[in-house]
Each structure stands twice: as structure tokens, then as C-alpha cells.
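Understanding the architecture of this molecule
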Amino acid sequence: MSEMWFTEQHAPSGSSVGFRVRAKLHEETTPFQTIAIYDSTDWGRLMVIDGCMMVTSRDNFLYHEMMVHPALYTHGAPRRVVVIGGGDCGTLREVLRHAEVARAVQVEIDERVTRLAEIHFPELCEANADARAELRFDDGVRYIAEMVPGSADVIIVDSTDPVGPAEGLFNEAFYRSCHRALGEGGLLVQQSESPIAHLELIRAMRTAMRKAGFRAMATLPFPQPCYPTGWWSCTMARKGPNPLDVFRAADADARTFPTRYYNSGVHRAALCPPEFLRVALSES
Ligand code: SAM
């Protein structure tokens, strides 16, 4: 019997990423997108949305830890956190590991993503019942636009690529709403695709963030085997003048929860962009 593979072809970079699978466990089309779940031979479960890899059981810790811990250890007192997207709940779980967090709201447009994650990725959903967590199913663009000004310390945009429902999460109007929703010193962090394949997108995001009023900015690369090119990034932006290269390293070192990728050294290293990225981003 021939082997079955799930392969995501990434036409813009002329490359693909694939996983050997045993079975497709589920597929459904929601009003927003098509969600598929596979059982793989070596990477655990896979979640795929509209043909794009979202999460594997084996390597999601890289992405989830880097989307959360650098930002939360950069903010002086991250009490009020909003996650936009993030329906697999892995980002929410990492946020709730921080004892300072008093309230974390996850705003996912597609409830089915979360319901399928509860079945196929229960480990990512283990903090969903935390009394500090609120799961809302709504459009993140609208939610942020309607937030009380100054009412969030950290906004984390853990979305799909900037097409379909996520398109409105990558423009100046959205960043203006984020800027208004954040308190002084507040942080926006957004998944910003591959440094090697999506440099123009990263530059455009940073330009739009700056136009929206954000001052300091940092793009942190990290490995992510399951995404196109195997290399990904998040971009942090701060409301206020303080630079982003100072963080609560002693608190990061003294953390009482487990991490598999993040530590203060990884955080420091991620703040030093590789040369091509430093040059490309120096004007944005
Ligand atoms: N780690 C993933 C990646 O970078 O490919 C993202 C995972 S998470 C499953 C992305 C989520 O963003 C999806 O579940 C999708 O439904 C959600 N999403 C897309 N657009 C959204 C919007 N406008 N508001 C809220 N959630 C949105």
C-alpha cells in the first residue's frame, strides 16, 4: 500500500512542507474556512485550514511560546491580555501560565476551530477552564475596534495568513484600533510569517504599525518546521517610547512553569536579527 502524505505547497517560495499521515480524521467547511485534521506517523495530529498548516502536536510549542513569553516578559505588568484568533488555544494556555495575568480573552472568529482542538489537541486546551479565561467567538477586527480605550496590556494576534477572514488583521486601521485599546506601554504582538519568504509583508506590517502610532518595534525569528520555509517570526510593537530590547530577564529566569523553547537566552538571541533582516527592517 502506498504511503499517504499531506503536503502544503507554497507557490510564492516555490517550496513545500509535507508530513506522512495515517489518516484524515476529519474535514468540514464552516462559514469561514475548511478545517481538516490528520493523524500523522511522526508529528502527532495536524490541523490544516484552507490547505495551510496551522498546528502539529510535535512542534507547536515553538510558535506558541514565542508568540507569548517575549511579549509578556517585556511588559512590566501584563494583567489584561487579548488573543485574536488562536482558536487551537495553545497561545491562551501559554498566556495563562503567567501568574500576573488577571484576565485573558480569546477572540476567535470560528468556533469550530476551538471545538475541534478540544477533541484532537486536548493538551492545548487544558487552560480553557481557567477562571481568568474568556472564550469569545467573534471577529477580532470588530472586537478590538469596540474595546474600551486603554483597557488591554498585551494584544496577541495569532491569526491565519492575511487572506480571507484574517485580511483585516494586517492593516493600519486595525493597528490603530489596537493602539487605542492598549494602555500606555502596552504591547501588540502578531505572527508575521516567514522572514525568508515574506519580508515584504513584514516590512508592510511594520510601516502600518508605525503609521498607527506604535513607536518601538522588533521582529523575532524562530524555527517552525511545519510552516512554509520552516522559519517564522512574530513582530512586537509598543505603545510608548520604551525600547523592546529590555525585558524582565530575571523574572523569565525565575519562571515556575515549564517551557521547551523559551528562556531568557533565546529571548535575547531572537532580539538580534540576522544581518539580512536587520538591514531590510532598518528603514521600516
Ligand atoms: N499558528 C497559526 C498560523 O500561524 O498559521 C495560526 C493558528 S490559529 C488556528 C488561527 C486562527 O485565526 C484561525 O482559527 C482563524 O479562524 C482565526 N482568525 C482568522 N481571522 C480572524 C478574525 N478576523 N478574527 C478572529 N479570528 C480570526
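Just so you know, these numbers come straight off a predicted model, no measurement behind them. (Residues numbered from 1 in each chain as written. Predicted model: local features only at pLDDT ≥ 70, side-chain atom pairs only at ≥ 80, totals over all residues. Heavy atoms only, no water.)

Once that is clear, we can look at the sheet that holds strand E5 (residues 52-56). Here five strands make up an open sheet; going across it, the order is E1-E2-E3-E4-E5 and the pairing antiparallel. With one partner strand each, in any of the chains shown, strand E1 (4-10) and E5 form the two edges of the open sheet. Neighbouring strand axes in the sheet, compared pairwise and without regard to direction, differ in orientation by 45° on average. Inspection of the sheet shows strand E4 (residues 45-49) paired to E5 by four bridges, in the antiparallel sense. Bridge pairing in E5 links Ile49 to Cys52. Along the sheet, helix H3 (residues 111-120) makes contact with strand E2 (15-29), strand E3 (34-40) and E4, crossing E2 at roughly 100°. (Pairing = 2+ DSSP bridges. Helix = DSSP H or I, 4+ residues; strand = E, 2+ residues; numbered from the N terminus. Axes fitted to C-alpha atoms, helices over the stretch in contact; angles between N-to-C directions. Contact = heavy atoms within 4.5 Å.)

Applying the stated rule across the entire model yields eight aromatic pairs. Aromatic pair Tyr63 and Tyr227: ring centres 5.7 Å apart, planes at 80°, arrangement edge-to-face. Of this pair, Tyr63 sits in helix H1 (residues 60-74) while Tyr227 is found in the loop between strand E11 (216-223) and strand E12 (231-238), placing the two residues 164 residues apart along the sequence. This pair shows no difference in class: Tyr63 is buried, exactly as Tyr227 is. With a centroid separation of 6.0 Å and 55° between ring planes, the pair formed by Phe174 and Tyr175 is classed as tilted. Comparing Phe174 with Tyr175, the two get one shared label, buried. Ring pairing ties together the aromatic residues Tyr63, Phe222, Tyr227 and Trp232, which thus form one cluster. Arg58 extends its terminal NZ or CZ atom over the ring of Trp43, reaching a point 4.4 Å from the ring centre. One cation-aromatic arrangement involves Arg260 over Phe61; the distance from NZ or CZ to the ring centre is 4.0 Å. (Phe/Tyr/Trp six-rings, centres within 6.5 Å; stacked < 30°, edge-to-face > 60°. Buried < 20%, exposed > 50% of the residue type's maximum accessible area, 1.4 Å probe, protein only. Lys NZ or Arg CZ within 6 Å of the ring centre and 35° of its normal.)

Along its sequence, the chain is organised into domain 1 (4-56) and domain 2 (60-281). If you average the C-alpha positions of domain 1 and of domain 2, the two centres end up 23 Å apart. With 23 residues of domain 1 in contact, the opposing surface of domain 2 contributes 21 residues. Where domain 1 abuts domain 2, roughly 2000 Å² becomes buried across the two surfaces, and 69% of that area is made up of carbon and sulfur atoms. It is Phe32, Met47 and Val55 in domain 1 that bury the most area against domain 2; as a group they hold 24% of the surface buried on that side. (Domains from an automatic or database assignment. Buried area = accessible area lost by both parts, 1.4 Å probe.)

On to the pattern of salt bridges, then. Applying the stated criterion across every chain, the model contains 21 salt bridges. The partner of Arg45 in a salt bridge is Asp39, with the nearest N and O atoms 3.8 Å apart. For Arg45, a relative accessible area of 27% puts it in the partly exposed group. Judged by its relative accessible area of 18%, Asp39 is buried. Residue Arg136 pairs with Glu134 through a salt bridge whose shortest N-O separation is 3.2 Å. Given the relative accessible area of 32%, Arg136 is considered partly exposed. (Salt bridge = Lys/Arg side-chain N within 4 Å of Asp/Glu carboxyl O.)

Let us now look at the pairing of E12. Of all eight residues that make up E12, seven are buried, and the element is covered over most of its length. Of the pairings in the sheet, the one linking strand E10 (residues 182-191) to E12 comprises five bridges and is antiparallel in character. Considered in E12, the bridge of Gln190 is made with Thr235. The pairing of E11 with E12 spans eight bridges and is antiparallel. In the strand pairing of E12, Ala218 is matched with Met236.

Taken together, 24 residues surround the ligand, and among them Gln33, Glu108, Gly140, Pro165 and Tyr227 come closest. For the ligand, a nitrogen atom lies 3.3 Å from a polar atom in the side chain of Tyr63. Here Tyr227 contributes a side-chain N or O atom positioned 2.6 Å from a nitrogen atom of the ligand. Within the complex, 99% of the 600 Å² of free accessible area of the ligand lies under protein. Given that more than half its atoms are within 2 Å of the pocket grid, the ligand belongs to the largest pocket. Among the secondary structure elements, those contributing two or more residues to the shell around the ligand are E5 and strand E7 (103-108). A breakdown of the residues in the shell around the ligand according to their chemical character gives 11 nonpolar, seven polar and six charged. Taken together, domain 1 (4-56) and domain 2 (60-281) each give at least three residues to the shell around the ligand, which thus spans both. (Near = heavy atom within 4 Å. Polar contact = N/O pair within 3.5 Å; in protein donor to acceptor, adjacent residues only side chain to side chain. Areas by Shrake-Rupley, 256 points an atom, 1.4 Å probe, with all protein chains shown as cover. 1 Å grid on protein atoms, 1.4 Å probe; cavity = no way out; pocket = protein on both sides within 12 Å on 5 of 7 lines; lining within 4 Å. Sits in = over half its atoms within 2 Å of the grid points. Nonpolar A, V, L, I, M, F, W, Y, C, P; charged D, E, K, R; others polar.)

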